[in-house]
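Structure at a glance
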Amino acid sequence: MDRADEAMLRSAYWPDGTDHHGPYQGSASGFVDWAMKVLPHIERGIHQIHNILIEFRDDGAAVESYFTALQRQPTQSGEMEQVDMKGRYLDWCVQRDGEWRILNRVVVFDWVENMPLPPGTEAERFGNKTPIGARYPNDAVYTVF
């Protein structure tokens, strides 16, 4: 998501999958279409996944993954703000031909806080801490994989 890598995002879901993702509810493919329209407006974003619970069942796996998401994005009036979101991905995953993907996802939001941007430019805040995360294909991860 943070790299805005459409092919990678689509590969997480089965083509017949669904996603209930905050303001978007519908097919997984439709979610990716929606996300690819929204992501260009998010100036910077990072998702962290933690506390993962997986319960394997005969017909798939129930997965709960806690997330923290920080995004710098415009408000309804166009001003930039920082949004701190925390919650859980509730996924039903199935294996087909030896490959696991998400069939159904529900995003549960446990915390949302809208905040003003920190002072200074990114260059001032990051200083010599480089490389800075970027979108597909410019992020350093694409030189590794």
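Structure: see above.
It should be emphasised that the depicted structure is a prediction, and the values quoted were computed from it without experimental measurement.

Further remarks concern the environment of R88. Summarising the element assignment, R88 is placed in strand β5 (residues 80-96). A relative accessible area of 18% means that R88 is categorised as buried. R88 sits 16 residues away from N104 along the chain, and the two C-alpha atoms are 14 Å apart. With sequence-adjacent residues up to four places away left out, R88 is seen in contact with E64, S65, Y66, F67, V106, V107, V108 and D110. A polar contact is formed between the side chain of R88 and the side chain of D110, at a distance of 2.8 Å.

Those residues of helix α2 (residues 28-38) not exposed but buried are A28, G30, F31, V32 and A35. Summarising the contacts, the buried residues of α2 are in contact with α1 (6-11), β1 (13-21) and β2 (24-27).

Once that is clear, we can look at the pairing of β5. Looking at chain direction, strand β4 (residues 60-74) and β5 are connected through 14 bridges and run antiparallel. Residue Y66 lies in a different strand from β5, and its bridge partner there is R88. With 15 bridges joining them, β5 and strand β6 (residues 99-115) adopt antiparallel strand pairing. Bridge pairing links G87 to F109 in β6. If you look at the hairpin formed by β5 and β6, you'll find 2 residues sitting between the two strands, and D97 has a positive phi there, around 50 degrees.

Scoring rules and cut-offs
- Residues numbered from 1 in each chain as written.
- Predicted model: local features only at pLDDT ≥ 70, side-chain atom pairs only at ≥ 80, totals over all residues.
- Heavy atoms only, no water.
- Helix = DSSP H or I, 4+ residues; strand = E, 2+ residues; numbered from the N terminus.
- Buried < 20%, exposed > 50% of the residue type's maximum accessible area, 1.4 Å probe, protein only.
- Contact = heavy atoms within 4.5 Å.
- Polar contact = N/O pair within 3.5 Å; in protein donor to acceptor, adjacent residues only side chain to side chain.
- Pairing = 2+ DSSP bridges.

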